[in-house]
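Remarks on the overall topology
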Amino acid sequence: MELTQETPDLSAYLAADEVVDHHHPRVRQTAARLAEGVADSYAYARAAYEFVRDTIPHSADSGDPRVTWRASDVLELRTGICHAKAHALAALLRAEDIPTAFCYQRLLHDDGSGHAVHGLVAVRFNGAWHRQDCRGNKAGVDAQFSLAGERLAWVPDPESNELDYPVLYAAPHPDVLRVLRAAPDRPSLWKALPTAL
């Protein structure tokens, strides 16, 4: 699949906003701590990815009912669904001047009851974009940071009407962000997530 930038302006993939608030002290402090002792931007990107994947539980896996969407809140509260964790990872990467995009998949719910949009990021290294999924590993999921071939949580199954969306967004998709902001708790959020983009 060929990934396509929503905008040709690469600086858009470094921007801070209300969601990707990489100027927030909590984001800056976390980024500085992760940057200590790493050799280069590749090593930093891997450290940031593994930090978000491994130390911030996916709220569906942990049973946490809280809904987060702002990067600094995800880092403070240590919880979030895939989209929130992607926002946190994007903030940490952009804090260290690594262009980061938001990208999405359409996947079946684990119980097969319907589809939902799944969120991940793409990082830009060596003139190319590389998708990364920091949702958190569990039984049957072994996502890894990789610049040499994707190691995502899931590969969409076209026969189940699953798919990869090729667009690389500079900001979180408004349909996703709207339901994250409006949801009073994770069970409500689960029912409201977009089924397609």
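A brief look at the structure comes next. Going along each chain's sequence as written, the residues are numbered from 1 onward. Restriction of local features to residues with pLDDT of at least 70 applies here, the model being predicted, together with a cutoff of 80 or more for giving and counting side-chain atom pairs; totals for whole chains, interfaces and linings are based on all residues. Processing note: side-chain calculations cover all non-hydrogen atoms of the structure and skip hydrogens and water entirely.

A word on the environment of A143
Here A143 is to be found in the loop between β4 (128-132) and β5 (163-164). Each residue gets one of three labels from its accessible area relative to the maximum for its type: buried under 20%, exposed over 50%, partly exposed in between, using a 1.4 Å probe on protein chains only. Residue classification places A143 among the buried positions, given a relative accessible area of 1%. A C-alpha to C-alpha distance of 9.9 Å links A143 and E50, two positions 93 residues apart in sequence. In what follows, residue pairs with any heavy atoms lying within 4.5 Å of each other are defined as contacts. Apart from residues no more than four positions distant in its own chain, A143 is found in contact with Y49, R53, D133, N137, R151, L152 and A153. A run of H or I in DSSP becomes a helix once it reaches four residues, and a run of E becomes a strand once it reaches two; helices and strands are each numbered from the N terminus.

A short note on the pattern of salt bridges
The working definition used for a salt bridge is a side-chain nitrogen of Lys or Arg within 4 Å of a carboxyl oxygen of Asp or Glu. Evaluated as defined, the whole model comprises 12 salt bridges. As a salt-bridge pair, E18 and R181 come within 2.6 Å of each other at their nearest N and O atoms. Of this pair, E18 sits in the loop between β1 (4-5) and α1 (25-35) while R181 sits in helix α6 (residues 174-182), placing them 163 residues apart in sequence. Judged by relative accessible area, which is 42%, R181 ranks as partly exposed.

Observations concerning the packing of aromatic side chains
Centre distance within 6.5 Å is the pairing criterion for rings of Phe, Tyr and Trp, where only the six-membered ring of Trp is used; planes under 30 degrees apart are then read as stacked, over 60 as edge-to-face, and the remainder as tilted. Enumeration over the complete set of coordinates arrives at four aromatic pairs. Aromatic pair Y49 and F145: ring centres 5.7 Å apart, planes at 55 degrees, arrangement tilted. Taken together, the residues Y49 in helix α2 (residues 41-55) and F145 in the loop between β4 and β5 connect sequence positions 96 residues apart. Only when the NZ atom of a Lys or the CZ atom of an Arg is both within 6 Å of the ring centre and within 35 degrees of the ring normal do we say a charge sits over the ring. The ring of W69 carries R181 above its face, with NZ or CZ at 4.5 Å from the centroid.

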